[in-house]
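# Descriptive structure summary
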Amino acid sequence: MSDSGRKKLILVVIDGLTPSMLEDTLERGVAPSLGLLAANGRYRRAISTFPSLTPVCLSALATGAHPDVHEIPHLVWYHRGERRLVEYGSSFGAVRAAGTKQSLIDTIYGLNASHLGSRAVTVYEALEDAGLTAAAINITCYRGRHPHRPTVPFLTRPAHGPSTFFFYNLFESHVTGAPLSVRNRPRGTIDAYAAAVGRWLVTRDDFDFLVFYLSDYDYASHAQGPDAAHEALARCDEAVGALIEAAGGPDDFLERYAVLLCSDHGQTTVSEVARLEDVFPDALVTASNRAAMVYTDDDPAILARRLDGNSAVDVVLRRDGEKLVARRDGSDGDVSQLDHPDGPARAAAALANPNAGELIVSAAAGWEFADLAGRHHAGGGSHGSLLAGDSEVPMLAVGLDVLPASIVEVMPAVLDHFGVPAPPYARTLTKA
Ligand SMILES: [Zn+2]
C-alpha cells in the first residue's frame, strides 16, 4: 500500500503494440504474464495522440495532454526560437544529418529540459509534489524535480527526473547491477535492462508509482511489420513476468500493485515511400514515418494545394486565422468533420502547438515519408498518421476505477488513483 491507502501503481508501456496483436496473443494464451493481467483487469481499445509518434505520445502519456499543451510536435521539427532542426532519432542516418551530438543532447536533455511545455505538468511532478514516490525506467518524457548526475563521462550536465530514475544506463539513481542496455537492440537488450531494473525496484518495493517503458517491440515491429513481432512481444511478457516474480508471484503482485498497460501508438504496414522535400523545395520539410511538417513564410493555403491528388497524403492540416482547416481529396473542410478516431480533437491540438509547421501532413494508408537521410521502413511497419491503425492502442487496467479511452487520460487516471488533483487542462474521466 502507498501512504494514500491505495495500492501502488505500475504503468507498463509497450512501444508500438497494436490492439490486434495483444488481443490475438491473449486469445492464443501464449503470454502468461500479460494473460494474468488481462484475466484480472478490464480491457478496451483506446486512442493515441497526433502525430502518433513516440516522443509526442510518451509526452502525452506523462502529461495527460495533447501537443497543444505539451508542445512536442514530432520526431523531427524546426525550432523557431533557435532557428534549427530538432531530431529525436528518426534513424541513425537522420541523426547524423541533423548533427549527432545535437540530436543526442536534444533527446537526452532538450525534450524535458526545454522543449516540453511549461504549462504541462508531468505525472512525476504531480505525484512527488503530493509527497508520493515516483520511479521511471527508460521513458523519454521524464521531467521531474530531482537532479541526477550522469553515469558516463561524455555527459556532464544533470538531468531532472523523478526521485527514482533510470535512463539507458546514462542516469541511474541507484546501483542495481543491471546490464548495459544498448549492447544488442534487435535481441532486446534495452528491455532486458528495463526488466533487471524493474526486478530490483519491485524487490525493494520503494516506490508508489513506476513507469516501466519497453521500447524494443516498436523496433522489431518496424522491421517485421505490425502484428508479426511475436518474439519481441514474448520478451515483453517475460519483462512483465520479472516484476511479478520479484513481488513473490501472481497473488502477491496483484495484492500489492494496480497496473495500467498500454502502448503509445499502433503501427500499420507500409510499402511505398514519398519524399515531400521534392514537393516543397522552397519550404522546410520535417518528415519521418507517417507524418510531416512544412514550415514556410508563404501562404500555407496555396502550398497545401500542391498535395492535391498526391496518393501518399490523406489529410493536410493548417490554420487559417481562427479556422482549423483539414484539406482532403482536394477540398478544404473543418477539422471537426474528420472521421478519424478522436480526429477533430487530435488535429486541433496538433495545430495549436506553437512548434508545429504551417502545414501538418498525415500520410495515406500504406505510405511513409522519407526522413532527413532518406530512410524509411517500406516493407515493414510504421506509424504517425491520424488513421485508425496508427492511432489505436490497447488499454488494460487492473485495480483501477478508470479505464482510459485515450492516452491523454492515463496521467489523470494515475493521479485519480492516488487522490491527487489533475491539472486544469486534463480531460474529465468517466468512472466505471
Ligand atoms: Zn516507431
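See the structure above.
No experiment lies behind these values; they were computed from the predicted model shown. (Residues numbered from 1 in each chain as written. Predicted model: local features only at pLDDT ≥ 70, side-chain atom pairs only at ≥ 80, totals over all residues. Heavy atoms only, no water.)

### Some thoughts on the nonpolar core
In this structure, Tyr-124, Leu-127, Phe-171, Phe-209, Leu-317 and Val-414 are the most contacted members of the largest nonpolar core, which totals 79 residues. Top element by residues in this core is helix α3 (residues 54-63). It accounts for 6 residues. Residues in contact with Leu-317, not counting those within four places in the same chain, are Phe-50, Val-325, Ala-326, Val-335, Leu-338, Ala-347, Leu-351, Glu-358, Leu-359 and Ile-360. Among the nonpolar cores identified, the runner-up in size contains 45 residues, and Leu-17, Ala-194, Ala-232 and Cys-236 belong to it. (Core = buried A, V, L, I, M, F, W, Y, C linked by side-chain atoms within 4.5 Å. Buried < 20%, exposed > 50% of the residue type's maximum accessible area, 1.4 Å probe, protein only. Helix = DSSP H or I, 4+ residues; strand = E, 2+ residues; numbered from the N terminus. Contact = heavy atoms within 4.5 Å.)

### Quick word on the coordination of the zinc ion
At this site the zinc ion is bound by Asp-218 (OD), Asp-218 (OD), His-222 (NE2) and His-383 (NE2), with donor distances of 2.1 to 2.8 Å. What the 4 donor atoms of the zinc ion show is an angle range of 51 to 139 degrees at the metal, which sorts the shape as irregular. The sequence motif formed by the donor residues of the zinc ion is D-x3-H-x160-H. You can see Asp-218 and its partner His-222 sitting in helix α9 (residues 216-224), 4 residues apart, about one turn around the helix. (Donors = N, O, S within 2.8 Å, 3.2 Å for Na, K, Ca; no water. Tetrahedral: all angles 85-135°; square planar, octahedral: opposite > 155°, others 65-115°.)

### Some remarks on the environment of Ala-60
Within the secondary structure, Ala-60 is located in helix α3. As for Ala-60 and Gly-249, which are separated by 189 residues in sequence, their C-alpha atoms are 32 Å apart. Other than its neighbours up to four places away in sequence, Ala-60 contacts Thr-49, Ala-65, His-70, Ile-407 and Val-408.

### Description of the pattern of salt bridges
A full pass over the atoms with the stated rule returns 24 salt bridges. The shortest N-O distance in the salt bridge between Asp-205 and Lys-8 comes to 3.3 Å. Taken together, the residues span a long stretch of sequence, with Asp-205 in the loop between α8 (189-204) and β10 (209-214) and Lys-8 in strand β1 (residues 8-14) at a distance of 197 residues. With a closest N to O distance of 3.0 Å, Arg-328 and Asp-314 form a salt bridge. In this pair, Arg-328 sits in strand β17 (residues 323-328) while Asp-314 sits in strand β16 (residues 313-320), placing the two residues 14 residues apart along the sequence. Residue classification places Asp-314 among the buried positions, given a relative accessible area of 12%. Linked by salt bridges that have partners in common, Glu-125, Asp-129, Arg-143 and Arg-145 make up one network. (Salt bridge = Lys/Arg side-chain N within 4 Å of Asp/Glu carboxyl O.)

### Description of the sheet that holds strand β9 (residues 171-172)
The 8 strands lie next to each other as β2-β22-β11-β1-β10-β5-β8-β9, forming an open sheet whose pairing is mixed. Both outer strands of the open sheet, β2 (42-47) and β9, are each paired with one neighbouring strand and no more. Two elements, β1 and strand β11 (residues 257-262), share 6 bridges in a ladder whose sense is parallel. Along β11, the bridge assignment pairs Val-13 with Cys-262. (Pairing = 2+ DSSP bridges.)

### Concerning the pairing of strand β18 (residues 331-334)
Looking at chain direction, β17 and β18 are connected through 4 bridges and run antiparallel. The residue bridging Arg-328 from the neighbouring strand is Ser-331, located in β18. Connecting the antiparallel pair β17 and β18 is a turn made up of 2 residues, with Asp-329 showing a positive phi of about 50 degrees.

### Digging into the side chain of Asp-264
Considering the arrangement of structural elements, one finds Asp-264 in the loop between β11 and β12 (268-269). Taking relative accessible area as the criterion, Asp-264 reaches 0% and is therefore assigned buried. Polar side-chain contacts of Asp-264 include one of 3.1 Å to the side chain of Thr-54. Among the polar contacts listed, one links the side chain of Asp-264 to the side chain of His-265, at a separation of 3.4 Å. Apart from the residues within four sequence positions on either side, Asp-264 is in contact with Val-13, Ile-14, Asp-15, Gly-16, Ser-48, Thr-54, Cys-57, Leu-58, Leu-61, Val-393 and Ile-407. (Polar contact = N/O pair within 3.5 Å; in protein donor to acceptor, adjacent residues only side chain to side chain.)

### Let's talk about unusual backbone geometry
Trans is the prevailing form of peptide bonds, just as negative phi is the prevailing case for residues other than glycine. In this structure, the amide linkage connecting Phe-50 to the following residue, Pro-51, adopts the cis form with an omega of -10 degrees. Examined against the element boundaries, Pro-51 turns out to sit in the loop between β2 and α3. Residue Glu-71 is not a glycine yet carries a positive backbone phi of 70 degrees. Here Glu-71 shows up in the loop between α4 (67-70) and β3 (76-79). Residues other than glycine seldom take positive phi values, yet Asn-169 does so here, at roughly 65 degrees. As for its placement among the helices and strands, Asn-169 is situated in the loop between β8 (164-167) and β9.

### Describing the layout of surface pockets
The calculated volume of the largest pocket comes to roughly 1600 Å³. Mapped onto the lining of the largest pocket, the elements with two or more residues apiece are α3, α5 (92-98), α6 (100-115), α9 and β20 (367-369). When residues of the lining of the largest pocket are assigned to their parent elements, the largest contribution, 6 residues, is made by α6. Split by residue class, the lining of the largest pocket holds 21 nonpolar, 20 polar and 7 charged. Put simply, the second largest pocket is a space of about 180 Å³. Every residue lining the second largest pocket is listed: Tyr-78, Arg-80, Asp-282, Ala-283, Leu-284, Tyr-295, Thr-296, Asp-297, Asp-298 and Glu-358. Here the residues of the lining of the second largest pocket are counted per class, giving 4 nonpolar, 1 polar and 5 charged. (1 Å grid on protein atoms, 1.4 Å probe; cavity = no way out; pocket = protein on both sides within 12 Å on 5 of 7 lines; lining within 4 Å. Points joined across faces, edges and corners; volume = space filled by probe spheres on them. Nonpolar A, V, L, I, M, F, W, Y, C, P; charged D, E, K, R; others polar.)

### A look at the sheet that holds strand β15 (residues 291-295)
If you walk across this open sheet you meet the 6 strands as β14-β15-β19-β16-β17-β18, and the pairing is antiparallel. Strands with a single pairing partner mark the edges of an open sheet, and in this sheet they are β14 (284-288) and β18. Neighbouring strand axes in the sheet, compared pairwise and without regard to direction, differ in orientation by 25 degrees on average. Strand direction decides the pairing type here: β16 and β17, joined by 5 bridges, are antiparallel. (Axes fitted to C-alpha atoms, helices over the stretch in contact; angles between N-to-C directions.)

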